[in-house]
Amino acid sequence: MKAIIFDFDGTLANTLPICFYAFQSVFKQFDDKDLTSEDIVKMFGPSETGIIRENLQNPNKAEAIELYYEKYAESHTQFVKPNDEITELLYDLKDSGMKLAIFTGKARRSLDISLQALQMDGLFDVIITGDDVVEPKPAPEGLFKALALLEVDYTEAIFVGDSEADIVAGLQANVQTVGVHWLPDYQTAAFMQAPHHIVEHVAQFKDLIGEMK
């Protein structure tokens, strides 16, 4: 095993609450709609900008996108707390020589806000965001790009995610796929397609990696 590719929201950071808040702010201000978290999850797939462009009725989409990022940035520390176990895991993996990557549906702009706030910037060898793919998850395009940039074979990598789309993408890319429920908020409670492994604690993931090396 040479590389681990992670999803971000709900996998590496409990950022779903800030995503919900920012989207709710946008749709309330521009469309006068009160969206639930479930409503927003149903829109997931494209990046934040894609979600707003595809679902907002108000024509002022550029202004709405800017409001999203404004709300996301100004409220990040209020909604998102660092997870010491996950941060330690990433540093331990990095120190062991493992290549690390992110494949997320997030736009690069919001991911950079989160990585900097959580002191995770600089940890990843490759980052693929929703801005970098034509077909978002569950399509495996982003995983194929990550594998190519990491210069590893699909047999040498693991993909870790918390959503059904993550699992489907990982299985379609034919990589070892791990579904995680180790943060307070995650996208999919029960996976319709079974990943190779399901992990509920960081320590359990460490044991799994030890077995795979």
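Residues numbered from 1 in each chain as written. Predicted model: local features only at pLDDT ≥ 70, side-chain atom pairs only at ≥ 80, totals over all residues. Heavy atoms only, no water.

**Q** I'd like a rundown of the sheet that holds strand β6 (residues 197-199), residues and numbers included.
**A** Strand order across the open sheet formed by six strands is β3-β2-β1-β4-β5-β6, with parallel pairing between neighbours. On the outer flanks of this sheet lie β3 (126-128) and β6, each paired with one strand and no other. Averaged over neighbouring strand pairs, the angle between their axes works out to 20 degrees when direction is ignored. Taken together, the four bridges between strand β1 (residues 3-6) and strand β2 (residues 99-103) define a ladder with parallel strand orientation. Within the sheet, the bridge partner assigned to Ile5 lies in β2 and is Ala101. On top of the sheet, helix α8 (residues 141-150) reaches β1, β2, β3 and β4 (157-161); it is set at about 160 degrees to β3, its chief contact. (Pairing = 2+ DSSP bridges. Helix = DSSP H or I, 4+ residues; strand = E, 2+ residues; numbered from the N terminus. Axes fitted to C-alpha atoms, helices over the stretch in contact; angles between N-to-C directions. Contact = heavy atoms within 4.5 Å.)

**Q** Report on unusual backbone geometry, specifying residues and quantitative values.
**A** Phi is mostly negative for residues that are not glycine, and the peptide bonds are mostly trans. With an omega dihedral of 15 degrees, the bond running from Lys137 to Pro138 counts as a cis peptide bond. Relative to the elements of secondary structure, Pro138 occurs in the loop between β3 and α8.

**Q** Explain the nonpolar core to me, using residue names and the numbers behind them.
**A** Core analysis: the biggest nonpolar cluster contains 52 residues, and Ile4, Phe6, Phe124, Trp182 and Phe205 have the highest contact counts within it. The element that contributes the greatest number of residues to this core is helix α1 (residues 16-31), accounting for nine residues. Non-local contacts of Trp182, meaning those with residues more than four positions away in its chain, are made with Thr11, Ile86, Leu89, Val160, Val199, Glu200, His201, Val202 and Phe205. Grouped together as the second largest cluster of nonpolar side chains are 17 residues, Ile5, Val126, Leu143 and Val152 included. (Core = buried A, V, L, I, M, F, W, Y, C linked by side-chain atoms within 4.5 Å. Buried < 20%, exposed > 50% of the residue type's maximum accessible area, 1.4 Å probe, protein only.)

**Q** How would you explain the side chain of Lys71 if you had to name every residue and give the values?
**A** By secondary structure assignment, the location of Lys71 is in helix α4 (residues 61-74). Discounting chain neighbours no more than four positions away, the residues touching Lys71 are Ile18, Tyr21, Ala22 and Ser25.

**Q** Let's hear about the packing of aromatic side chains: which residues, and what values?
**A** Under the defined criterion, the tally for this structure stands at eight aromatic pairs. With centroids separated by 4.9 Å and ring planes inclined at 25 degrees, the aromatic side chains of Tyr21 and Phe79 adopt a geometry described as stacked. Here Tyr21 is found in helix α1, whereas its partner Phe79 is found in helix α5 (residues 76-79), with 58 residues between them in sequence. With a centroid separation of 4.6 Å and 45 degrees between ring planes, the pair formed by Phe23 and Tyr68 is classed as tilted. Taken together, the residues span a long stretch of sequence, with Phe23 in helix α1 and Tyr68 in helix α4 at a distance of 45 residues. (Phe/Tyr/Trp six-rings, centres within 6.5 Å; stacked < 30°, edge-to-face > 60°.)

**Q** Can you break down the environment of Ala117 residue by residue, with the values?
**A** Relative to the assigned elements, Ala117 resides in helix α7 (residues 108-117). Owing to a relative accessible area of 39%, Ala117 belongs among the partly exposed residues under this scheme. It is 11 Å that separates the C-alpha atoms of Ala117 and Phe79, two residues lying 38 residues apart in sequence.

**Q** I'd like a rundown of the pattern of salt bridges, residues and numbers included.
**A** Applying the stated rule across the entire model yields 14 salt bridges. Ionic pairing is found between Arg109 and Glu66, a salt bridge with its closest N-O pair at 2.9 Å. A residue pair is termed long-range when its members are at least 10 positions apart, and Arg109 in helix α7 and Glu66 in helix α4 qualify at 43 residues. Given a relative accessible area of 39%, Arg109 falls into the partly exposed group. (Salt bridge = Lys/Arg side-chain N within 4 Å of Asp/Glu carboxyl O.)

**Q** Can you break down the packing of helix α3 (residues 48-55) against α4 residue by residue, with the values?
**A** Where α3 contacts α4, the axes come no closer than 10 Å and their chain directions differ by 140 degrees. In terms of orientation, α3 lies oblique with respect to α4. Read as a crossing pair, α3 and α4 show a hand that is right-handed. For the pair α3 and α4, the contacting residues are Glu48, Thr49, Ile52 and Arg53 in the first and Lys61, Ala64, Ile65, Tyr68 and Tyr69 in the second. (Parallel < 35°, antiparallel > 145°, perpendicular 65-115°, else oblique. Left-handed = near helix turned anticlockwise from the far one by under 90°.)

**Q** Can you lay out the environment of Glu88 for me, pointing to particular residues and giving the numbers?
**A** Residue placement: Glu88 occurs in helix α6 (residues 84-95). With a relative accessible area of 43%, Glu88 lands in the partly exposed category.

**Q** Give me the lowdown on the side chain of Lys106, citing residues and values where you can.
**A** In this fold, Lys106 is placed in the loop between β2 and α7. Here Lys106 falls in the buried class, since its relative accessible area comes to 3%. A distance of 2.8 Å separates a polar atom in the side chain of Lys106 from a polar atom in the side chain of Tyr72. Ignoring any residue separated from it by four or fewer positions in sequence, one finds Lys106 in contact with Phe8, Asp9, Cys19, Ser47, Glu48, Tyr72, Leu111, Ser114, Thr129, Gly130 and Asp131. (Polar contact = N/O pair within 3.5 Å; in protein donor to acceptor, adjacent residues only side chain to side chain.)

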